[in-house]
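What the coordinates show
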Amino acid sequence: MRETFFYKKLNNKMVQCGICNHRCVILPQKRGFCNVRENQNGILYSLIYGKIIAENIDPIEKKPFYHFMPGTNSLSIATIGCNFRCLHCQNWQISQAGKKNKEQTNILGENLSPKEIVKHCLKNKCQSISYTYTEPTIFLEYALDIMKLAKKHKIKNVWVSNGYMTKEVIELIAPYLDAINIDLKSFSEKFYNKYCGTKIKPVLENLKLLKQKNIWIEITTLIIPTLNDNLKELKKIAEFIFQKLGSNVPWHISKFFPSYQLENIPSTLIEILIKAREIGLNAGLKYVYLGNVGNHAGSDTYCPECKTLIIERIGYQIKRFDRNNKCPKCEEKIDLIN
């Protein structure tokens, strides 16, 4: 347990959390929306500091990052809890842990210090640590201590996030954060409200701020049939990425599989994913990828100028064709961070 960053003390021992854009006002002995930050007599504590619920070695492509350190492994870690309540969450068993019982005091997870996490990373020869599976914002204090130590050992730090943190958090982590993949779940306020319990505007604003900080960004959109697969809406996402973030920001378009509270919705048709990829490319994006589709040409990297195959992906395994981040045929720059 650790006293949290960014909270205000209010009257009657109430507090207001400033970690994410919910900015929860929390009564004494109660928890915030994420259910892992608790007001104990006017002091806000993180209940998950040092409590790892998941630790795995993953290909960086699995996050997904296709242009950041391709072909390397990343130590992936998470605690329980999340500041979203997505009805389609694939990791709901840990992201929504404890939601039904707000008085629960037992926080699941294995005790691992930041030093032990970094030691595991070095032992397994991982080039980065991914803060993933659940939302890293909600275990900020723990994540930041790991990130600082990782930097000293020349280990890269990457977040897989919903992008709902406050600007203060971005300012705090920016010196230690190398890359981030943000789920841009829709371009509809209604979708964010109904299916995630949040708002879209903070996510869009944070994407622009992260770009200003020169942090490498990749974006993922899970396309759910009938809910966010409208082609006009997908065009708005592509145009936002192109106009506000840049043509070199990769956009991952992922296939939905029935899960959690949306088991009644069928999987995404490949035809819709292909159309979405065409929309992204027509909007001017250089790198648009299909995700969760197995071996498909839409998962490979091509030269944006002459369409020469640069990286072929077979699942999460890759075959590299470039040598100096240039197309071997026309010498066009390929945006890769090795």
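See the structure shown above.
Okay, so let's go over this structure.

Each value, and the rule that gives it
- Counting of residues starts from 1 at the beginning of each chain's written sequence and follows it residue by residue.
- Residues qualify for local features only when their pLDDT is at least 70, as the model is predicted, and side-chain atom pairs are given and counted only at 80 or more; totals for whole chains, interfaces and linings, by contrast, use all residues.
- Hydrogens and water are ignored here; the side-chain numbers use all heavy atoms of the structure.
- Every helix listed is a DSSP run of H or I at least four residues long, and every strand listed is a run of E at least two residues long, numbered separately from the N terminus.
- Each radius of gyration reported is based on C-alpha atoms, and the globular scaling rule is 2.2 Å times the count of residues to the power 0.38.
- In this scheme, a residue with accessible area under 20% of its type's maximum is buried, one over 50% is exposed, and one in between is partly exposed, where area comes from a 1.4 Å probe on protein chains only.
- Pairs of residues are marked as contacts when any of their non-hydrogen atoms sit within 4.5 Å.
- Using a 1.4 Å probe, accessible areas were evaluated by the Shrake-Rupley method; residue-level cover was limited to the displayed protein chains.
- Here a cavity means grid points, on a 1 Å grid over the protein atoms only, where a 1.4 Å probe fits yet cannot get out; a pocket means an open set of points with protein on both sides within 12 Å along at least five of seven lines; lining residues are those with an atom within 4 Å of a point.
- Grid points are joined across faces, edges and corners, and a volume is the space filled by probe spheres set on the points.
- Put simply, Ala, Val, Leu, Ile, Met, Phe, Trp, Tyr, Cys and Pro go in the nonpolar bin, Asp, Glu, Lys and Arg in the charged bin, and everything else, Gly too, in the polar bin.
- Under the rule applied, a polar contact is a pair of N or O atoms within 3.5 Å (in protein, one hydrogen donor and one hydrogen acceptor; residues adjacent in sequence only if both atoms are side-chain atoms).
- Throughout, an axis means a line fitted to C-alpha atoms (over the contacting stretch in the case of helices), and angles, computed between N-to-C directions, take values from 0 to 180 degrees.
- Each crossing gets its hand from how the near helix is turned against the far one by less than a right angle, where anticlockwise is left-handed and clockwise is right-handed.
- Take the residue count of a helix, subtract one, and multiply by 1.5 Å to get its expected span.

Right, let's get into the overall build of the protein. When helices and strands are counted, the protein shows eight helices and 19 strands. A compact globule built from 338 residues should have a C-alpha radius of gyration of about 20 Å, and the protein, at 20 Å, falls within 12% of that. In terms of its C-alpha atoms, the protein occupies a principal-axis envelope of roughly 65 × 45 × 35 Å. Here the protein holds 338 residues, and the buried ones make up 55% of them. In the protein, the share of contacts with a sequence separation of at least 24, taken over all contacts with a separation of at least 6, comes to 65%. Summed over its atoms, the accessible surface of the protein is roughly 15,200 Å², and 49% of this surface lies on carbon and sulfur atoms.

A few words on empty space enclosed by the protein. Tallied over the full model, the rule gives one cavity of 30 Å³ or more. Computed from the structure, the largest cavity encloses a volume of approximately 90 Å³. Looking at the largest cavity, it is lined by 14 residues, and the ones nearest its centre are C17, C20, C24, C34 and R37. When its residues are assigned to classes, the lining of the largest cavity shows eight nonpolar, four polar and two charged.

In this section: the side chain of T268. For T268, the location among the structural elements is in the loop between strand 15 (251-255) and helix 8 (270-282). From its side chain, T268 meets the backbone oxygen of I223 in a polar contact 2.5 Å long. Here F256 takes part through its backbone nitrogen, which lies 2.8 Å from a polar atom of the side chain of T268.

Let's shift gears to the packing of helix 6 (residues 201-212) against helix 7 (residues 231-245). Following both chains from N to C, one finds helix 6 and helix 7 inclined at 35°, their axes separated by 10 Å at the closest point. In the packing of helix 6 onto helix 7, the handedness of the crossing is right-handed. In this structure, helix 6 uses L204, L207, K208 and K211 to contact helix 7, whose residues at the interface are F240, K244 and L245. In terms of residue class, the contact of helix 6 with helix 7 is built from four nonpolar, no polar and three charged.

If you check helix 3 (residues 140-152), its first and last C-alpha atoms are 18 Å apart, about what 13 residues at 1.5 Å a residue would give, namely 18 Å. Within helix 3, burial applies to L140, E141, Y142, A143, L144, I146, M147, L149 and A150.

The next thing to look at is unusual backbone geometry. Omega for the bond connecting K63 with P64 falls within 30 degrees of zero, at 0°, which places this linkage in the cis form. Looking at the secondary structure, you find P64 in the loop between strand 8 (54-59) and strand 9 (73-78). One non-glycine residue, N35, lies in positive phi territory at about 70°. Judged by its relative accessible area of 2%, N35 is buried. Residues other than glycine seldom take positive phi values, yet N325 does so here, at roughly 55°. Inspection of the secondary structure assignment puts N325 in the segment after strand 19 (317-320).

Here the focus is the layout of surface pockets. Empty space within the largest pocket amounts to approximately 1,100 Å³. The wall of the largest pocket is formed by 39 residues, among which K63, Q90, N91, V160 and D183 lie closest to the centre. At the level of elements, helix 1 (92-95), strand 12 (156-161), strand 14 (216-223), strand 15 and strand 16 (288-291) are the ones that each hand at least two residues to the lining of the largest pocket. Its residues assigned to classes, the lining of the largest pocket comprises 15 nonpolar, 18 polar and six charged.

Take it as geometry only, folks, not as evidence of what the structure does.
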